[in-house]
Structures are given as C-alpha cells and as structure tokens.
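# Architecture at a glance
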Amino acid sequence: MDKEKILIVDDEKEIADLIEIYLANEGYQVYKANTGIEALEKLEKEAIQLVILDIMMPGIDGLETCRRIRKVRNIPILMLSAKSEDMDKVMGLTTGADDYMTKPFNPMELLARVKSQLRRFITFNRQYDNGGEENVISVNGLVINKETHKVSLFNQEISLTPIEFDILYLLAKHPGKVFTVDAIFQNVWKEDYLESDNTVRVHIRKLREKLESDPKKPFLIKTVWGVGYKVENETSIKY
C-alpha cells in the first residue's frame, strides 16, 4: 500500500529539505513547492493528503494559499511561521489551518503532528467508506452528514475544515453533554491537551462565525462558563 502524499510549501530550501528527509524516512511520498501558486498547481495534479504550509512566502503568502486550498480541498493543513505571537496563530487557524507550529521547530514534534493529522483524516474517511449507524444529525436547521462530510444550515451549505467538522459533529452527536476543552482536543486530535494551547477555542470561534447569526450570542454552540461547550437542542439522528 502506498504511503500518504504530503506537500511541503516553503521558499526556504534548507527547511523544506530537512522536513523532506524526516518524512521520507517514514516512507511518505513527499512533494515540494516554493510558492503558493506552485503549491496550488501541484494540488491539482496530485492526490495530496496533507499540506505543510509556511506563512511568509513571496507572491501570495501562506494565509492566502490556505484560503484558496480550503475552497477546493478539505485535507489537513499544518501551518509554519517564524512568528510565535498568539494573534499570528489565531490568524493561521481561522484561515483554515488544522495545526500551527513556529520556527524553529523540533522535527520529531513536526513528524508527530503530521502523523496525528493523517491518522485522524484517514480514520475519518475510512468511516465514510464503511458506512455507519449514525450518518446524519439534524439540529434546529443544522444538518450534518457524516458520510458526505457536508453541513448545511437552513438548506444553505456551510464550508467547514476537517477539524471544524469533527468538533461540530462531536458536540451535535451528544446533545446536552458539556465537553471541556481538554475533552474536545483529545476526541478530535487524539492527543493530550496542553494547557497553554488555545487551538480549540479558536476553532469554536470560527465555527460560530460560520454558523451563528450573532457569534457573540450563540444559538447552536453554547458556552458553559468554567466548564466547556455543548450543543443544546432537540437533536435527531437519522438513518
């Protein structure tokens, strides 16, 4: 069985080559691009399953490249940046990235995150291939189809990243149950949560921006202060 295909997008050749060595040693098929445009062209030609994307690049930067990828593909995107400020991380995640690392990074940590994203992505898609007992969840105008990976709100399709979809499906599948940030992270990322990591909160905020008419007064995804998040509505699971 062929290993997963990974695209590295970075104009710094030394960094791209270093990442390639570690990924190739694990048996992954590695592709490289120096610019956002070149990355988009490779994505059209190859069945890439994960993108490692640098933010600071000539031409269209990583943020814009990420936005364009999200219009056509729902594969995991791991973003790299030389900036470590929280706001930069928030910007990366809100444009559609699934994970974010700052340079310089530990190659072994990068490899671990790549494996985690691929494991979640492949497992999720395998569940679709095998079918399941609970394929469609309906929550007050919101319809989540696990098999087709589509979400609609009052019959209008909503575009979500794989991580956003997983979080929403987790909450909607257990109406009334409050999930802590730690629990959401462990269920979706399949890793232990780091106390300083605000990744879950960023994704919840982005979900609300896409789903709620007033994100500051959410109707679907409720905050239970000091505890976590829940979907509290009459929910029906079909098929």
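Preceding block: the structure.
All of these numbers come straight from a predicted model, not from anything done at the bench.

## Focus: the packing of aromatic side chains
Going through the model one piece at a time under the given rule, you end up with 2 aromatic pairs. Summarising the aromatic geometry, the rings of Phe165 and Tyr169 are spaced 6.2 Å apart at their centres and angled 10 degrees between planes, so their arrangement reads as stacked. In this pair, Phe165 and Tyr169 are both assigned in helix H6 (residues 162-173), 4 residues apart and thus about one turn of the helix distant. Tyr169 gets classed as buried once you look at its relative accessible area, which sits at 7%. Judged by centre distance (4.7 Å) and plane angle (10 degrees), the rings of Phe185 and Trp189 are stacked. Residue Phe185 and its partner Trp189 are located together in helix H7 (residues 181-189), separated by 4 residues, close to a single helical turn. Of the two residues, Phe185 and Trp189, neither departs from the other in class, the shared state being buried.

## Here's the deal with the pairing of strand S4 (residues 77-81)
Of all 5 residues in S4, 5 are buried, a share of seventy percent or more. The two faces of S4 match: Ile77, Met79 and Ser81 on one face and Leu78 and Leu80 on the other face are all buried. With 4 bridges joining them, strand S3 (residues 50-54) and S4 adopt parallel strand pairing. Bridging from a neighbouring strand, Ile52 pairs with Leu78 of S4. The β-α-β motif built from S3, the intervening helix H3 (residues 62-72) and the parallel element S4 has right-handed crossover chirality.

## Considerations on the packing of H6 against helix H8 (residues 199-211)
As a packed pair, H6 and H8 sit with axes 10 Å apart at the nearest point and diverge in direction by 85 degrees. For the element pair H6 / H8, the angle class is roughly perpendicular. Residue-level inspection shows Ile163, Glu164, Ile167, Leu168 and Leu171 of H6 in contact with H8, the latter providing His203, Ile204, Lys206, Leu207, Lys210 and Leu211. When grouped by side-chain class, the residues that make up the contact of H6 with H8 number 7 nonpolar, 1 polar and 3 charged.

Parameters at a glance
Residues numbered from 1 in each chain as written. Predicted model: local features only at pLDDT ≥ 70, side-chain atom pairs only at ≥ 80, totals over all residues. Heavy atoms only, no water. Phe/Tyr/Trp six-rings, centres within 6.5 Å; stacked < 30°, edge-to-face > 60°. Helix = DSSP H or I, 4+ residues; strand = E, 2+ residues; numbered from the N terminus. Buried < 20%, exposed > 50% of the residue type's maximum accessible area, 1.4 Å probe, protein only. Pairing = 2+ DSSP bridges. Right-handed = clockwise from strand over helix to strand, strands pointing away. Axes fitted to C-alpha atoms, helices over the stretch in contact; angles between N-to-C directions. Parallel < 35°, antiparallel > 145°, perpendicular 65-115°, else oblique. Contact = heavy atoms within 4.5 Å. Nonpolar A, V, L, I, M, F, W, Y, C, P; charged D, E, K, R; others polar.

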